[in-house]
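Examining the three-dimensional arrangement
Letter by letter, the chains look like this.
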Amino acid sequence: MKIWVYPGSFDPVTNGHVDIIKRSSKLCDKLIVAVGNNLRKKYSLELTERVELLKLAVKDFTNVEVDSFNGLLVNYVKSRGASTIIKGLRALSDYEYELQMALINKNLAPEIETLFMMADIHYSYLSSSAVKELVVNGGSIDGLVPDCIKDRIIEKLTGEKTVL
Ligand code: ADP
């Protein structure tokens, strides 16, 4: 069974992430979306909130599981019996960091491959930070995050319920 892991912060999940999940889940038997909880990173949303939003965003994908992990990604990947790490690549700015991480992970665990999937042109400039910036400044995030969690994201990031 081909098990792949798609790791990230998902702070919060965007349509760019969902697009990578949709396309990569067609290429493997099971895709585990793994929400990182790096104690040295500052997140806007709690781990439980990031997981909850993701679960709602991927509820229609039958071979996708949402989980979370601490510590080294390669250890988590091995513990889940997975063979491959899948990452999304946006503009050039992602490349240097992702190359470094892929090489470090290859050194730690040569049997695990990192695959990169190019971001869809519509989401190439979409990031979780842009979504947060828009929400806190009252901008629209229509089309940038899944419709089913749009209001929850706004509520969680602002502490306010949106008027329907
Ligand atoms: P991290 O903190 O690891 O960068 P993110 O949640 O920002 O976590 O991103 C997780 C993964 O999703 C990374 O591989 C990132 O390049 C990819 N990604 C983020 N936004 C997009 C997008 N708009 N389109 C495609 N891939 C994306």
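All figures in this text were calculated on a predicted structure; none of them were measured in a lab. (Residues numbered from 1 in each chain as written. Predicted model: local features only at pLDDT ≥ 70, side-chain atom pairs only at ≥ 80, totals over all residues. Heavy atoms only, no water.)

Considerations on the nonpolar core
Core analysis: the largest hydrophobic core is formed by 30 residues, its most contacted members being Tyr-6, Val-13, Ile-21, Leu-31, Val-33, Leu-54 and Ile-153. Mapped onto this core, the elements with two or more residues apiece are β1 (3-8), α1 (15-25), β2 (30-36), α2 (47-57), β3 (64-69), α5 (128-136) and α6 (147-158). Those residues in contact with Tyr-6 that sit more than four places away from it in its chain are His-17, Ile-20, Ile-21, Leu-31, Ile-32, Val-33, Ala-34, Ile-86, Lys-87 and Gly-88. Among the nonpolar cores identified, the runner-up in size contains 13 residues, and Ile-32, Ala-34, Tyr-76 and Ala-109 belong to it. (Core = buried A, V, L, I, M, F, W, Y, C linked by side-chain atoms within 4.5 Å. Buried < 20%, exposed > 50% of the residue type's maximum accessible area, 1.4 Å probe, protein only. Helix = DSSP H or I, 4+ residues; strand = E, 2+ residues; numbered from the N terminus. Contact = heavy atoms within 4.5 Å.)

Examining a nonpolar patch on the surface
Nonpolar side chains collect at one region of the surface, where Leu-92, Tyr-95, Leu-99 and Leu-103 lie side by side and expose about 450 Å² of accessible area between them. Structurally, Leu-103 can be placed in helix α4 (residues 93-108). A relative accessible area of 54% places Leu-103 in the exposed class. (Patch = residues over 30% accessible without salt bridge, like charges linked within 9 Å, V, L, I, M, F, W, Y side chains within 5 Å. Areas by Shrake-Rupley, 256 points an atom, 1.4 Å probe, with all protein chains shown as cover. Salt bridge = Lys/Arg side-chain N within 4 Å of Asp/Glu carboxyl O.)

Remarks on the packing of aromatic side chains
The final tally for this structure, using the stated rule, is two aromatic pairs. For the pair Tyr-6 and Phe-10, a centre-to-centre distance of 5.3 Å together with 80 degrees between the ring planes defines the contact as edge-to-face. Both residues of the pair, Tyr-6 and Phe-10, count as buried. Consider the rings of Phe-69 and Tyr-76, whose centres lie 5.2 Å apart with planes at 25 degrees: the pair is stacked. (Phe/Tyr/Trp six-rings, centres within 6.5 Å; stacked < 30°, edge-to-face > 60°.)

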